[in-house]
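Tertiary structure, described
So the chains spell out like this:
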Amino acid sequence: TAASDVYKRQARNKAKIKRRWPLKEAILLVDKRFLEELKSMEDTLKELINVKNIRFVERMEELPKENYVISTLQNKALALNILRDDELIEEGIIRDLARRLQAFRKERGFNPNDLLKAAYLAYLDDDMKRIVKRWERELAYLVRVKSIIIKDEMDYGKEIELEGKSLKIFIE
């Protein structure tokens, strides 16, 4: 609902964490009457909130304070665990990169359903190369390309900034 979207965004805004970045856990304060219904929607809620795990509590006192950001709206509350390990950080970077590649794909007029030949990335530092190589299959799947090609230099493509670093992307 629109109301739940508002407090989901409020919690992420408080934590200064983008919606696209996955988090470890969300805890929802719910009325006992709706607990079973919400539990049946757990997978959908995890996807909407973009968390790996979700728990439900019935009392405000059960919401943890340390390492969590809490957002409330009317008689509801959402607590997000804001601690991110390396894997969550890397997944967030890959999702940001995928979003940029998807936008560039759209700019170039490709059909979103077509499986394209490749996405090219250039001017990546060693950390970014390591992350892209580790998440290569996921990135190719998200962008709908057969392969991800990392190049040292590239005369063509679009320059973007990702995590404060400039790099170039191209898709065909």
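Residues numbered from 1 in each chain as written. Predicted model: local features only at pLDDT ≥ 70, side-chain atom pairs only at ≥ 80, totals over all residues. Heavy atoms only, no water.

Following the criterion strictly, the structure yields 16 salt bridges and no others. Measuring nitrogen to oxygen at the nearest pair gives 2.9 Å for the salt bridge that ties Glu91 to Lys52. Pair noted here: Glu91 is in helix 4 (residues 86–107) and Lys52 is in strand 2 (residues 51–57), with a separation of 39 residues, a long-range link. Glu91 sits in the buried class, given a relative accessible area of 8%. Lys129 is the salt-bridge partner of Asp152, the closest N and O atoms lying 3.3 Å from each other. A residue pair is termed long-range when its members are at least 10 positions apart, and Asp152 in the loop between strand 6 (145–151) and strand 7 (158–162) and Lys129 in helix 5 (residues 126–134) qualify at 23 residues. (Salt bridge = Lys/Arg side-chain N within 4 Å of Asp/Glu carboxyl O. Helix = DSSP H or I, 4+ residues; strand = E, 2+ residues; numbered from the N terminus. Buried < 20%, exposed > 50% of the residue type's maximum accessible area, 1.4 Å probe, protein only.)

With their axes 10 Å apart at the nearest point, helix 4 and helix 5 run at an angle of 85 degrees to one another. As far as their axial angle goes, helix 5 and helix 4 are roughly perpendicular. Mapping the contact onto sequence places Glu87, Glu90, Ile93, Ile94 and Leu97 in helix 4 and Met128, Arg130, Ile131, Val132 and Arg134 in helix 5. A class-by-class count of the residues in the contact of helix 4 with helix 5 yields six nonpolar, no polar and four charged. (Axes fitted to C-alpha atoms, helices over the stretch in contact; angles between N-to-C directions. Parallel < 35°, antiparallel > 145°, perpendicular 65-115°, else oblique. Contact = heavy atoms within 4.5 Å. Nonpolar A, V, L, I, M, F, W, Y, C, P; charged D, E, K, R; others polar.)

Let's shift gears to the packing of aromatic side chains. Following the criterion strictly, the structure yields three aromatic pairs and no others. A ring pair is formed by Phe104 and Phe170, whose centres lie 6.2 Å apart and whose planes are at 55 degrees; its orientation type is tilted. In this pair, Phe104 is assigned in helix 4 and Phe170 in strand 8 (residues 165–171), connecting sequence segments 66 residues apart. For the pair Phe104 and Phe170, one class covers both residues: buried. When the ring of Tyr156 is compared with that of Phe170, the centres are 4.9 Å apart and the planes differ by 75 degrees; the resulting orientation is edge-to-face. Of this pair, Tyr156 sits in the loop between strand 6 and strand 7 while Phe170 sits in strand 8, and the two are 14 residues apart along the sequence. (Phe/Tyr/Trp six-rings, centres within 6.5 Å; stacked < 30°, edge-to-face > 60°.)

Inspection of the secondary structure puts Glu90 in helix 4. With relative accessibility at 6%, the residue Glu90 sits in the buried group. If sequence neighbours within four positions are ignored, Glu90 has contacts with Arg130, Ile131, Arg134 and Trp135.

Remark: helix 4 packs on helix 6 (residues 136–143), axes separated minimally by 9 Å, with the N-to-C direction vectors making an angle of 35 degrees. For the pair helix 4 and helix 6, the crossing hand works out as right-handed. On the side of helix 4, the interface is formed by Ile94, Leu97, Ala98, Leu101, Gln102 and Arg105, while helix 6 contributes Leu139, Leu142 and Val143. Its residues placed into classes, the contact of helix 4 with helix 6 shows seven nonpolar, one polar and one charged. (Left-handed = near helix turned anticlockwise from the far one by under 90°.)

Spatial strand order, 6-5-8-7: four strands in an open sheet with mixed pairing. Each end of this open sheet is capped by a strand with a single partner; those strands are strand 6 and strand 7. Looking at each pair of strands side by side, their axes are set apart by 30 degrees on average, direction ignored. Pairing of strand 5 (residues 116–122) with strand 8 involves four bridges; the strand directions are antiparallel. Its bridge partner lying in strand 8, Ala122 is registered against Lys168. (Pairing = 2+ DSSP bridges.)

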